[in-house]
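# Fold and geometry: a report
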Amino acid sequence: MLYHNTYTENLNSLLSTIESEKDYTLSNDSEYSEYANKISNLTEAYSNRITAIETKQAEDEKKRAEEEKAKTHYENEYFSVDVPTNWIDCWSVTENSSSDGNTYSFAHKADSTYGGGATIYVVDATYGLPQNGSIIDTGCELVGYTSNKFGVFRIEAGAGFFSAGATITLK
């Protein structure tokens with residue numbers, strides 16, 4: 001954009017110079033008009049081309065951002081999860097549903113040495129939490145409650161998943 005402004009200003013300056021010196025350098029008004037038209041057309045063509053390039057770059061950046069988000073984002077009716085961009089292609093989620101609730105297993109292996117994971121449990125808490133432990137059979141951390149009164153719990157393993165950089169947002 002900076003170059004665009006500089007080049008456009010230079011062409012406009014040239015046009016002003018030709019206009020101010022036309023009586024000394026050009027033999028008649030038709031020569032001036034010819035030069036002025038060429039410069040004006042060049043300025044317009046240049047501006048149009050720069051605008052087209054900038055529009056294409058903006059579209060490409062938007063597309064790249066959307067593709068990146070698709071590779072770093074997971075969402076369902078209860079929550080959404082976002083992972084760091086350096087986790088692209090090295091994390092996964094597995095969904096399991098049952099009559100007792102839903103579980104979501106997340107895993108990542110960001111480098112060749114360490115990996116981690118987490119399991120998210122979603123339980124209907126409309127009438128309180130189930131006491132029989134049918135879906136949650138181990139100690140979990142309460143993440144919170146969704147707007148639809150579902151309890152969301154998590155447990156992490158290895159290098160962790162959320163403690164290693166992923167975030168969870170309840171709906």
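Residues numbered from 1 in each chain as written. Predicted model: local features only at pLDDT ≥ 70, side-chain atom pairs only at ≥ 80, totals over all residues. Heavy atoms only, no water.

### Digging into the pairing of strand E7 (residues 150-158)
Condition: Two strands make a pair as long as DSSP finds a minimum of two bridges between them. In this description a helix means any DSSP run of H or I spanning at least four residues, a strand means any run of E spanning at least two, and both kinds are numbered starting from the N terminus.
Bridge analysis of strand E5 (residues 116-124) against E7 gives nine bridges, and the strand direction is antiparallel. Across the sheet, the residue bridging to Ala118 is Glu156, located in E7. In this structure, strand E6 (residues 141-145) lies alongside E7, joined through four bridges in antiparallel fashion. Within the sheet, the bridge partner assigned to Tyr145 lies in E7 and is Gly151. Connecting E6 to the next strand, E7, in antiparallel fashion are four residues, including Lys149 with a positive phi near 65 degrees.

### So, the pattern of salt bridges
For clarity, the threshold we go by: When a carboxyl oxygen of Asp or Glu lies within 4 Å of a side-chain nitrogen of Lys or Arg, that pair is called a salt bridge. Each residue is assigned to one of three classes by its accessible area relative to the maximum for its type, calculated with a 1.4 Å probe on protein chains only: buried under 20%, partly exposed between the two thresholds, exposed over 50%.
If you walk through the whole model with that rule in mind, you get seven salt bridges. A salt bridge links Lys38 to Glu34, with the shortest nitrogen-to-oxygen separation between them at 3.5 Å. On the criterion of helical spacing, the pair formed by Lys38 and Glu34 is a turn pair, its members being four residues apart in helix H2 (residues 29-72). Judged by its relative accessible area of 49%, Lys38 falls in the partly exposed class. In this structure, Glu68 engages Arg64 in a salt bridge whose closest nitrogen and oxygen atoms are separated by 3.1 Å. Linking Glu68 with Arg64, this pair stays in helix H2, spanning four residues, or about one helical turn. Given the relative accessible area of 28%, Glu68 is considered partly exposed. If you follow the salt bridges from partner to partner, you end up with Glu61, Arg64 and Glu68 in one network.

### As for the sheet that holds E7
Put simply, the test is: Axis lines are fitted to C-alpha atoms, over the contacting stretch for helices. Their N-to-C directions set the angle, which ranges from 0 to 180 degrees.
Overall, antiparallel pairing links the five strands, which are arranged E3-E4-E5-E7-E6 in an open sheet. Edge positions in the sheet fall to strand E3 (91-98) and E6, since each has one partner strand and no second. For this sheet, the mean inter-axis angle between neighbouring strands, taken without regard to orientation, is 20 degrees. Relative to E5, strand E4 (residues 101-108) runs antiparallel, the two sharing seven bridges. Residue Phe106 lies in a different strand from E5, and its bridge partner there is Ala118.

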